[in-house]
Structure formats: structure tokens, C-alpha cells
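One-letter residues, chain by chain:
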Amino acid sequence: MTTPVLQTEKLSMVFPNGNKALDAVDLSLHPGRALALVGESGSGKSTCAKLLTHMLRPTSGRILFQGRDITGLSGRRELLEYRRVVQMVFQDPFAALNPAHTVAHHLARPLALHRPDLDRAGRGAEVRALLTQVELDADSLLHRFPHELSGGQRQRVSLARALAVNPAVIIADEPTSMLDVSIRLSVLDTLQRLKAERDIALLYITHDIATARYVAEETAVLFRGRVVESGPTAAVIDGPRHPYTRLLLSAVPDAGRPFDAGGSLISRADAVRRLSEGPGDLVYVGPGHKARTVDERVAA
Ligand SMILES: Nc1ncnc2c1ncn2[C@@H]1O[C@H](COP(=O)(O)OP(=O)(O)OP(=O)(O)O)[C@@H](O)[C@H]1O
């Protein structure tokens, strides 16, 4: 295995109000590979992304970039350079793009800032090349504005913009959860192809563990700020060891009280709470009231 590009060691975050968002998290991102960070709302995924992009400072633990401790990185120039090499792709591509600017402008601007080797014609050619790389048709889209694009096209433009500065790491926070179900897989396919082709280390943040299989070689499951299970994605999905991973895989909608916990029916949210206290004896009695353990559902 290669040396990690980005690594965390016992990364922890306690907010001033006492909320413990992350607790001793160890993650490693490698060139050309993806790590899926999976967990439900509130598990600490966004906090982790903010710490990795230096939008927040951890309470304790370390962040290493190419082996160098950058936890205390400060100074405008250092931070700007770090944010160039570690790019974010956000959940909402509409909010991430400026409604007043064309697609061409969104891509030419980072090139003007970070690629002094390119003249005007060189930038124009690079803008086209970036659009082609994210599987968009440059001729028809160059002069369009964000509101004239579909959600999937907008997310591809966001991705092209991240690529424009030649990053070593991309942190994609729920990049497809606001997109139409029918196009999610093709966007994930593009992400997975690009990270391999351009040797980018990708952190794919998602609440949907099933999608990790399409993107990420490794998966880490985050529960209440702790990594409760991690390893090769296929092993985590096909042979989950932690009850929380099984619960995520069971994909039970949070309707009614589908879990039987020792005789009383409880909701999915209560089932998650119970799991934080220990595995216990959870039985899924969802639609049809056919009693099935979470393990049986995973096996089905
Ligand atoms: N600025 C803050 N101040 C206090 N607590 C916070 C702050 N930001 C997040 N938290 C808390 O930290 C925990 C983790 O939140 P975080 O947003 O990282 O989770 P998440 O997995 O990204 O969830 P979501 O998918 O809903 O964004 C939660 O309990 C949340 O309430």
C-alpha cells in the first residue's frame, strides 16, 4: 500500500457546548483510492470534513498531509495552498455554484489563479478538457448558467472545478444525495474513474452504505463520532461485524415501530439509541410483522 496522502490520528472534536462530535478517529486516504465514510445524520461526517479542510480545529488528535503534521496549520498562504490540494465537493451543487456566472467562468477562474503557466487560449482549452473529463459536452454547456443545467450537470461542473486546481485529495460530502436516483450511479462512476485516472485520494461521505460499493475500496462506519467498523468495502458490506453496520444495511425505513427490543416495539431511532448502549437483542418486525433479526435481513 502507498503512503497515505491524508491521515488522521485519534482525531477528536468536542464543541464548546459539550457536543462530542468525533472521538479518536483514525482514517487514511491513499492516492488513486477512495475511502467511504458512512453514517447517519449526526454521526460526525460533516465535522470530519470540516476538520480535514481546516474549517474547524480539532480538540485533540493530529492531521497529517503527506506525512507532515498540519493540525496547527495557520497563515493565509499556507491555508490557501492546503485548500487547493484538498478540495471539497458539496451535497448541493446549486448552492456551490454562482448563479451569475457561466460554466466557463466557474472553471476559468481557478485556472487563472492556480495555473499561471496557461495563457488565455491555454485556459480555454483546459476548460474544455475538464468538461470532457466529467463527461459533459463543452460546446453546448460552456456559456450556460447554473439554472440552465440539470442537477447532475451542475454536480459535474462542481467536480470539474475541483479538478481544475489539480488536487491531491477530494472530499465529497454526500455528492449524489440531492440528485435524481436515476443519475446517481453515473455520477459515482465518474468520481470513481477520475480518482483512479488522476491518482486522487477520495473521501466519499455518505449516509447510504450501499453506494460505497460503487466508489470506495475501503469503508469506515461512523457511529456517534466513533469508527465502529472499517476495512475493505466488500468485507464491510458482505460481512458486517458491528450491529450498527447491520442496521445501516437493513435499510429499514423509520416508519412506525419496526423493532422489537425484548418485548417492546420501538422505532428505528430508538433502535439506534439502544445500539449505542450495546448490541442487545434487536428483532426487526417491519411490514407484514414477519419477525426477522437484523442478521436475517442482512442475509436475505
Ligand atoms: N457547531 C456545532 N456546535 C455544536 N454541536 C455541533 C456543531 N456542529 C455539529 N454538532 C454536533 O456534532 C454531532 C455531529 O454532527 P455532524 O454534522 O458532523 O454529523 P453528520 O454525520 O455530518 O450529520 P448530517 O448528515 O446531518 O450533516 C451532532 O451531534 C451535531 O449536533
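How each quantity is defined
Residues numbered from 1 in each chain as written. Predicted model: local features only at pLDDT ≥ 70, side-chain atom pairs only at ≥ 80, totals over all residues. Helix = DSSP H or I, 4+ residues; strand = E, 2+ residues; numbered from the N terminus. Buried ≥ 20, exposed ≤ 12 C-beta atoms within 10 Å, placed from the backbone. Contact = placed C-beta atoms within 7 Å. Near = placed C-beta within 6 Å. Nonpolar A, V, L, I, M, F, W, Y, C, P; charged D, E, K, R; others polar. Pairing = 2+ DSSP bridges. Axes fitted to C-alpha atoms, helices over the stretch in contact; angles between N-to-C directions. Parallel < 35°, antiparallel > 145°, perpendicular 65-115°, else oblique. Left-handed = near helix turned anticlockwise from the far one by under 90°. Expected span 1.5 Å × (residues − 1). Arc of directions from axis to C-beta. UniProt positions renumbered as here; feature names shortened; annotations may be inferred. Right-handed = clockwise from strand over helix to strand, strands pointing away.

**Remarks on the overall build of the protein chain**
Here is step 1 of the chain: A tally of regular secondary structure across the protein chain gives 13 helices and 14 strands.
Here is step 2 of the chain: Per-residue burial for the protein chain yields a buried fraction of 38% across its 300 residues.
Here is step 3 of the chain: In the protein chain, of all internal contacts separated by at least 6 residues, the share reaching a separation of at least 24 is 63%.

**Observations concerning the site of the ligand**
Here is step 1 of the chain: Neighbouring residues of the ligand: Phe15, Asn17, Asn19, Ala21, Gly39, Ser41, Gly42, Ser43, Gly44, Lys45, Ser46 and Thr47.
Here is step 2 of the chain: By residue number, the principal contributor to the shell around the ligand is helix H1 (residues 45–52), which donates three residues.
Here is step 3 of the chain: By residue class, the composition of the shell around the ligand is two nonpolar, nine polar and one charged.

**Observations concerning the sheet that holds strand S4 (residues 60–65)**
Here is step 1 of the chain: With antiparallel pairing, the four strands of this open sheet are ordered in space as S2-S1-S4-S5. Of all the strands in the sheet, just strand S2 (20–29) and strand S5 (68–69) have a single pairing partner and so form its edges.
Here is step 2 of the chain: In this sheet, S2 lies alongside strand S1 (residues 6–14) in antiparallel orientation, the contact comprising six bridges. Paired with leucine 6 across the two strands is leucine 29, which belongs to S2.

**Points about the packing of helix H7 (residues 151–164) against helix H8 (residues 181–197)**
Here is step 1 of the chain: Remark: H7 packs on H8, axes separated minimally by 10 Å, with the N-to-C direction vectors making an angle of 15 degrees. Between H7 and H8, the interaxial angle falls into the category roughly parallel. Helix-helix and strand crossings are classified by hand; for H7 and H8 the assignment is right-handed. Two secondary-structure elements touch here, H7 through Gly152, Gln155, Arg156 and Leu163 and H8 through Ile183, Val187, Thr190 and Leu194.
Here is step 2 of the chain: Of the residues contributing to the contact of H7 with H8, the split by class is four nonpolar, three polar and one charged.

**A few points about the sheet that holds strand S7 (residues 169–173)**
Here is step 1 of the chain: The strand order S6-S7-S8-S3-S9-S10 describes an open sheet built from six strands, whose pairing is mixed. Both outer strands of the open sheet, strand S6 (86–89) and strand S10 (226–232), are each paired with one neighbouring strand and no more. Strand-to-strand twist of the sheet, defined as the mean angle between neighbouring strand axes without regard to direction, takes the value 15 degrees.
Here is step 2 of the chain: Across six bridges, strand S9 (residues 218–223) lies against S10 in antiparallel orientation. Counterpart to phenylalanine 223 in the pairing with S10 is arginine 226.

**Observations regarding the pairing of S1**
Here is step 1 of the chain: Linking S1 to S2, which pair antiparallel, is a turn of five residues; within it glycine 18 sits at a positive phi near 95 degrees.
Here is step 2 of the chain: Note: S1 against S4, five bridges, orientation antiparallel. Within S4, the position partnered with glutamine 7 by the bridge is leucine 64.

**Describing helix H11 (residues 243–250)**
Here is step 1 of the chain: Most of H11 sits inside the fold, with seven of its eight residues counted as buried.
Here is step 2 of the chain: Turning to H11, its buried residues are Pro243, Tyr244, Thr245, Arg246, Leu247, Leu248 and Ser250.

**A few points about H8**
Here is step 1 of the chain: Taking 1.5 Å per residue as the helical rise, H8 with its 17 residues ought to reach 24 Å, and the 25 Å between its terminal C-alpha atoms agrees with that figure.
Here is step 2 of the chain: When we look at burial in H8, the residues that qualify are Val187, Leu188, Leu191, Leu194 and Lys195. In a view along the axis of H8, the buried residues occupy a sector of 130 degrees, so they form one face of it. Of the exposed residues in H8, the ones pointing more than 90 degrees away from its buried face are Ser182 and Glu197.
Here is step 3 of the chain: At its buried positions, H8 is contacted by strand S3 (34–38), helix H5 (120–133), H7, S7, strand S8 (201–206) and helix H9 (209–215).

**Quick look at the environment of valine 103**
Here is step 1 of the chain: By the secondary structure assignment, valine 103 is in helix H4 (residues 103–114).
Here is step 2 of the chain: Overall, the presence of 28 C-beta atoms within 10 Å leaves valine 103 in the buried class.
Here is step 3 of the chain: As a C-alpha pair, valine 103 and valine 157 span 54 residues in sequence and 7.1 Å in three-dimensional space.
Here is step 4 of the chain: Contact partners of valine 103, with chain neighbours within four places excluded, come to Leu141, Leu142, Arg144 and Val157.

**Structural notes on the UniProt feature "domain: ABC transporter" (unreviewed entry) in the protein chain**
Here is step 1 of the chain: On the UniProt side, "domain: ABC transporter" (unreviewed entry) is annotated at positions that read residues 6–249 here.
Here is step 2 of the chain: Note that residues 6–249 is 42% helix and 25% strand, and that its end C-alpha atoms are spaced 28 Å apart.

**What to know about the pairing of S8**
Here is step 1 of the chain: Counting buried positions along S8 yields six of six residues, so the element is predominantly enclosed.
Here is step 2 of the chain: Burial of S8 is two-sided: the residues Ala201, Leu203 and Ile205 facing one way and the residues Leu202, Tyr204 and Thr206 facing the other way are all buried.
Here is step 3 of the chain: Where S3 and S8 come together, five bridges link them in parallel fashion. Counted as the bridge partner of alanine 36 is tyrosine 204 from S8.
Here is step 4 of the chain: As paired elements, S7 and S8 share five bridges and run parallel to each other. Paired with isoleucine 171 across the bridge in S8 is leucine 203.
Here is step 5 of the chain: Where the polypeptide runs from S7 across H8 and back to S8, its parallel neighbour, the crossover connection is right-handed.

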